Amino acid sequence: MTTSSLIAGIAAPLPLSNLDTDQIMPKQFLRIVDKAGLDRGLLYDLRFDAAGAPRAECVLNQPAYAGASILVAGPNFGCGSSREHAVWGLQQFGIRAVIAPSFGEIFFFNALNNGLLLVALPAPDVDALLQRVSNTASPRVEIDVLAGRVRTADGWAASFQLSARHRDMFAHGRDMVGATLAQLDAVARYEAAHWARHPWLKDTARRVRARLDAAG
């Protein structure tokens, strides 16, 4: 993960409700042995027609939103199956954050744990933001992760909440493994206190194995 305490860029409006992970990353793009190339499958049926030609009406195919790094979406974004490929595909496409009224629960934690910022705002705030980014003259949005603020070029702003753990992960560019490694001292102290309270539990498996070997 990269440090992402401030995310700023073009925001593309995608006001679709219940956009599930099967639509975000269709099943035919899951037949891979690594993460490479998932950007091609992102929202494939929205971006392309049956012949594989780009749909002009899709916001991600429109020149004004080329290089978009933020999506402003409808409620329950990322519902459906738990496939992490949906998160990886968004990131490979260049999306660094999604703003919506609500998110599928599994998708929410998959995204944050992989470094894709999800910002939940009240529906009226999302509607106001959608109106602003739909104006192709100024579709830029800035997200301050540490301050919990979303801002637009015309001065509009809204606040959002993010857990202290996830805020720290974004601020320091840590994934779940990195966040755990940062707590190694605390883990060691807990372990030492645990064995001090329950010494008879330490190395139980090894001691049982040794007795069985000796008996055999």
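This structure is a prediction, so every number in the text was calculated from the model and none was measured.

## As for the environment of Ile-106
By secondary structure assignment, the location of Ile-106 is in helix H4 (residues 105-113). Put simply, Ile-106 and Ser-81 are 25 residues apart on the chain and 8.2 Å apart in space, counted from C-alpha to C-alpha.

## Thoughts on the packing of helix H3 (residues 85-93) against H4
It is at 9 Å that the axes of H3 and H4 come closest, and there the two elements cross at 50°. Viewed along their axes, H3 and H4 adopt a mutual orientation that is oblique. Crossing of H3 over H4 shows right-handed handedness. Side by side, H3 and H4 meet where Ala-86, Val-87 and Leu-90 of the first sit next to Phe-107, Asn-110 and Ala-111 of the second.

## Some points on the domain arrangement of the protein
Along its sequence, the protein is carved into domain 1 (6-174) and domain 2 (177-214). Taking the mean C-alpha position of each, domain 1 and domain 2 sit 42 Å from one another.

## Quick word on the nonpolar core
Core analysis: the largest hydrophobic core is formed by 30 residues, its most contacted members being Ile-24, Leu-71, Phe-77, Leu-90, Val-98, Phe-107 and Leu-116. When contributions to this core are tallied by element, the ones reaching two or more residues are strand S1 (6-14), strand S2 (70-73), H3, strand S3 (97-100) and H4. The biggest single contributor to this core is H3, with four residues. Look past the residues within four positions of Phe-107 in its chain and what remains in contact with it is Thr-21, Phe-77, Gly-78, Ala-86, Val-87, Leu-90, Leu-116 and Leu-118. Grouped together as the second largest cluster of nonpolar side chains are 24 residues, Leu-121, Val-133, Val-150 and Phe-170 included.

## Digging into the pairing of strand S4 (residues 117-120)
Relative to S4, S3 runs parallel, the two sharing four bridges. What sits directly across from Ala-97, in S4, is Leu-117.

## Observations concerning the pattern of salt bridges
Counted according to the given criterion, the structure contains six salt bridges. Here Arg-132 makes a salt bridge to Asp-154, at a shortest N to O gap of 3.0 Å. Here Arg-132 is found in helix H5 (residues 123-133), whereas its partner Asp-154 is found in the loop between strand S6 (149-152) and strand S7 (157-159), with 22 residues between them in sequence. For Arg-132, a relative accessible area of 27% corresponds to the partly exposed category. Accessibility expressed as a relative area gives 54% for Asp-154, which makes it exposed. Two residues, Arg-209 and Asp-213, come together in a salt bridge whose shortest N-O distance is 3.1 Å. Pair noted here: Arg-209 and Asp-213 are both in helix H9 (residues 204-215), with a separation of four residues, about one helical turn.

## A look at H3
For H3, the set of buried residues is His-85, Ala-86, Val-87, Trp-88, Gly-89 and Leu-90. As for H3, its buried residues are in contact with helix H1 (21-24), S2 and H4. Of the residues one or two after H3, Gly-94 is the one with positive phi, at around 110°.

## Considering the UniProt feature "domain: Aconitase A/isopropylmalate dehydratase small subunit swivel" (unreviewed entry) in the protein
UniProt records the feature "domain: Aconitase A/isopropylmalate dehydratase small subunit swivel" (unreviewed entry) for residues 8-122 in the present numbering. The span residues 8-122 carries 23% helix and 17% strand; its end-to-end C-alpha distance comes to 20 Å.

## Quick look at unusual backbone geometry
At Leu-43, a position not held by glycine, the phi torsion is positive, near 50°. Mapped onto the fold, Leu-43 is located in the loop between H1 and helix H2 (44-47). Unusually for a residue other than glycine, Asp-203 sits at a positive phi of about 55°. As for its placement among the helices and strands, Asp-203 is situated in the loop between helix H8 (184-197) and H9.

Here is what the cut-offs are and how they apply
Residues numbered from 1 in each chain as written. Predicted model: local features only at pLDDT ≥ 70, side-chain atom pairs only at ≥ 80, totals over all residues. Heavy atoms only, no water. Helix = DSSP H or I, 4+ residues; strand = E, 2+ residues; numbered from the N terminus. Axes fitted to C-alpha atoms, helices over the stretch in contact; angles between N-to-C directions. Parallel < 35°, antiparallel > 145°, perpendicular 65-115°, else oblique. Left-handed = near helix turned anticlockwise from the far one by under 90°. Contact = heavy atoms within 4.5 Å. Domains from an automatic or database assignment. Core = buried A, V, L, I, M, F, W, Y, C linked by side-chain atoms within 4.5 Å. Buried < 20%, exposed > 50% of the residue type's maximum accessible area, 1.4 Å probe, protein only. Pairing = 2+ DSSP bridges. Salt bridge = Lys/Arg side-chain N within 4 Å of Asp/Glu carboxyl O. UniProt positions renumbered as here; feature names shortened; annotations may be inferred.

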